[in-house]
Amino acid sequence: MAINGGLRIANSNSPFVVSLFSTKASCLRVSAAVRVVSSLSSMASYDKELAAAKKAASLAARLCQKVQKALLQSDVQSKSDKSPVTIADYGSQALVSFVLEKELSSEPFSLVAEEDSEDLRKDDSQEIVGRITELVNNTLANDGSYNVSTLSREDVLRAIDSGKSEGGPQGQHWVLDPIDGTKGFVRGDQYAIALALLDEGKVVLGVLACPNLPLASIASGGQHSSNSEIGCLFFAKVGAGTYMQSLDSSSNSSSPVKVQVSAIENPVEASFFESYEAAHSLHDLSSSIAKKLGVKAPPVRIDSQAKYGALSKGDGAIYLRFPHKGYREKIWDHAAGSIVVTEAGGVVTDAAGNPLDFSRGKYLDLDTGIIVTNQKLMPCLLKAVRESIEEKSSSL
Ligand SMILES: Nc1ncnc2c1ncn2[C@@H]1O[C@H](COP(=O)(O)O)[C@@H](OP(=O)(O)O)[C@H]1O
Ligand SMILES: [Mg+2]
Ligand SMILES: [Mg+2]
Ligand SMILES: [Mg+2]
């Protein structure tokens, strides 16, 4: 079980060759794009919200780590039994919702989150609700920050259900994926707790807790030393950059350090991330794009928005995501990750080069896929994406 950072590198039998000099050259010529900083940032500092989000995501990460450890020790990770995962997903959502409401009690609260309590309110879910409630209470008690009496089952169900907001273009909405990369979580690999704040439809802050991501670089295909510290907390605020610190507050690396995306200008030197799960992204399309760009390194396949986190610290240069036809991306799968990357100097667009629009409710209505890279590489990446998509559709 790959818990040591949870990194799995895809095997590729087909080495990528430099095939498009024109693509490479156009890439090197492009000047840096100007980063647009939302005018919202000049009106609000979001400091209180950021502190609350960091606290909430860190506590949720602790809860998830405990469940993942038990899951691996009890060796049920290869079963199709989803109950331990469900417990961590629900527990994480309840905890984040509870902490945000406690920390920001004077503000109106709206949360768009992945899970809801519908299944938990069924008669045969009593036991699982009990286990979730125990997990949440234990995590809060161990932390000791909140002087609360034990939460009841109904308190926990209500906390989960405060994530029922629809989001939209007006006002502030929190956006939460309590465990992103559930499949990675079950395997013992990467996952993330992803929390962002929308203000008037724009992402203004994001926090990504990645309990299995090494603080050291994973750039050279995951060959980090076995004793490198694991567990990253990324956070970003509009106009203020992206920072990373250890998830372990007692660690020497608990002070935040500013991170930057890779400065690579030559795509031949770039490496790229994609989903571990082939059902989540068309690996053949990514491979054709990489080939056009002359990318030499094999794809790095990891679960969850840990890909955005790793990209923000320069561990790779490109993230490609092309869902199968008909799949609609949800805002909680990208909101936190996108600001973590853009504030670190990167660019996140759909396959047509348009920025992602988080103002339309739960779904991101976008063209074909999501691509992420630095400002220098983006033009040539977009060109390669366009060409590969055209070739794919003409071959059908
Ligand atoms: N068929 C599909 N295509 C694309 N994404 C999918 C998908 N089925 C599920 N997903 C999303 O992919 C996310 C994981 O992304 P990744 O592949 O980068 O790890 C899942 O988040 P959850 O694990 O929170 O449900 C889920 O929302
Ligand atoms: Mg998700
Ligand atoms: Mg999830
Ligand atoms: Mg899910």
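Residues numbered from 1 in each chain as written. Chains lettered and ligands numbered in written order. Predicted model: local features only at pLDDT ≥ 70, side-chain atom pairs only at ≥ 80, totals over all residues. Heavy atoms only, no water.

Description of the overall build of the protein chain
Then step 1. In terms of regular secondary structure, the protein chain is built from eleven helices and 15 strands.
Then step 2. Scored against the burial criterion, the 396 residues of the protein chain give a buried share of 57%.
Then step 3. Taking contacts inside the protein chain between residues at least 6 apart in sequence as the whole, the part at least 24 apart equals 75%.
Then step 4. Carbon and sulfur atoms provide 49% of the accessible area of the protein chain, an area that totals close to 16700 Å². (Helix = DSSP H or I, 4+ residues; strand = E, 2+ residues; numbered from the N terminus. Buried < 20%, exposed > 50% of the residue type's maximum accessible area, 1.4 Å probe, protein only. Contact = heavy atoms within 4.5 Å. Areas by Shrake-Rupley, 256 points an atom, 1.4 Å probe, with all protein chains shown as cover.)

Some remarks on the environment of serine 262
Then step 1. When you line up the elements, serine 262 lands in the loop between β8 (257-259) and β9 (272-274).
Then step 2. Measuring from C-alpha to C-alpha, the distance between serine 262 and tyrosine 363 comes to 29 Å, with 101 residues separating the pair along the chain.
Then step 3. In this structure, serine 262 is in contact with Leu311, Gly314, Gly316, Ala317 and Asn374, ignoring residues within four places of it in sequence.

A short note on the UniProt feature "binding site: Mg(2+)" (unreviewed entry) in the protein chain
Then step 1. UniProt tags Glu114, Asp177, Ile179, Asp180 and Asp333 as "binding site: Mg(2+)" (unreviewed entry). In three dimensions, the annotated residues from a span of 220 residues occupy one location, with a maximal C-alpha spread of 9.8 Å. Those annotated residues lining the second largest pocket are, specifically, Glu114, Asp177, Ile179, Asp180 and Asp333.
Then step 2. Along the chain, aspartate 177 turns up in strand β3 (residues 172-180).
Then step 3. Note on aspartate 177: relative accessible area 0%, which makes it buried. (UniProt positions renumbered as here; feature names shortened; annotations may be inferred. 1 Å grid on protein atoms, 1.4 Å probe; cavity = no way out; pocket = protein on both sides within 12 Å on 5 of 7 lines; lining within 4 Å.)

Considerations on the site of ligand 1
Then step 1. Residues in contact with ligand 1 amount to 16 residues; listed here are only the nearest, Ser275, His280, Ser304, Lys307 and Asp333.
Then step 2. Between aspartate 177 and ligand 1, the recorded distance is 3.0 Å, taken from a side-chain N or O atom to an oxygen atom.
Then step 3. Within the side chain of aspartate 333, one N or O atom sits 2.6 Å away from an oxygen atom of ligand 1.
Then step 4. In isolation ligand 1 offers 570 Å² of accessible surface; the protein chains occlude 84% of this area.
Then step 5. If one sorts the elements of the shell around ligand 1 by residue count, β3 sits on top with three residues.
Then step 6. Across the shell around ligand 1, the residue classes tally to four nonpolar, five polar and seven charged. (Near = heavy atom within 4 Å. Polar contact = N/O pair within 3.5 Å; in protein donor to acceptor, adjacent residues only side chain to side chain. Nonpolar A, V, L, I, M, F, W, Y, C, P; charged D, E, K, R; others polar.)

Remarks on the coordination of the magnesium ion (ligand 3)
Then step 1. Taken together, the protein ligands of the magnesium ion (ligand 3) are Glu114 (OE), Asp177 (OD) and Ile179 (O), with distances of 2.0 to 2.2 Å.
Then step 2. In this structure, the magnesium ion (ligand 3) lies 3.7 Å from the magnesium ion (ligand 2), and both are coordinated by aspartate 177. (Donors = N, O, S within 2.8 Å, 3.2 Å for Na, K, Ca; no water.)

Overview of the pattern of salt bridges
Then step 1. Tallied over the entire structure, the rule returns 23 salt bridges.
Then step 2. In this structure, arginine 121 and glutamate 154 form a salt bridge, with 3.3 Å as the shortest nitrogen-oxygen distance. Here arginine 121 is found in the loop between β2 (111-113) and α5 (126-143), whereas its partner glutamate 154 is found in helix α6 (residues 153-161), with 33 residues between them in sequence.
Then step 3. Here arginine 360 ties to aspartate 357 by a salt bridge, and the two come within 3.0 Å at their closest N and O atoms.
Then step 4. Since its relative accessible area comes to 28%, aspartate 357 is described here as partly exposed.
Then step 5. Residues joined by salt bridges that share partners form a network here, namely Arg121, Glu154, Asp161 and Lys164. (Salt bridge = Lys/Arg side-chain N within 4 Å of Asp/Glu carboxyl O.)

As for the confidence of the model for the protein chain
Then step 1. A residue-level look at the protein chain finds 84% of positions with pLDDT of 70 or above and a mean pLDDT of 86.
Then step 2. Note on residues 1-42: pLDDT is under 50 here. Beyond four places in sequence and across chains, it has 95 contacts.
Then step 3. Within the model, the stretch residues 75-83 combines pLDDT values under 50 with six contacts to residues more than four positions away or in other chains.
Then step 4. Confidence metrics for the complex model read pTM 0.89 and ipTM 0.99. (pLDDT = per-residue confidence, 0-100.)

As for the packing of aromatic side chains
Any pair of aromatic rings gets described here by the distance separating the centres and the angle formed by the planes.
Then step 1. Evaluated as defined, the whole model comprises four aromatic pairs.
Then step 2. Judged by centre distance (4.8 Å) and plane angle (90°), the rings of phenylalanine 185 and tyrosine 191 are edge-to-face. Both residues of the pair, phenylalanine 185 and tyrosine 191, belong to the buried class.
Then step 3. Centroid distance tyrosine 308 to tyrosine 319: 5.1 Å. Interplanar angle 80°. Geometry classified as edge-to-face. Here the residue tyrosine 308 occupies a position in helix α9 (residues 306-312), and tyrosine 319 occupies one in strand β11 (residues 318-321), the gap between them amounting to eleven residues. Accessibility classification places tyrosine 308 together with tyrosine 319 in one group, the buried group.
Then step 4. Above the face of the phenylalanine 235 ring, lysine 54 is positioned so that its terminal group lies 3.8 Å from the ring centre.
Then step 5. In this structure, arginine 328 packs its charged tip against the face of tyrosine 363, placed 4.0 Å from the ring centre. (Phe/Tyr/Trp six-rings, centres within 6.5 Å; stacked < 30°, edge-to-face > 60°. Lys NZ or Arg CZ within 6 Å of the ring centre and 35° of its normal.)

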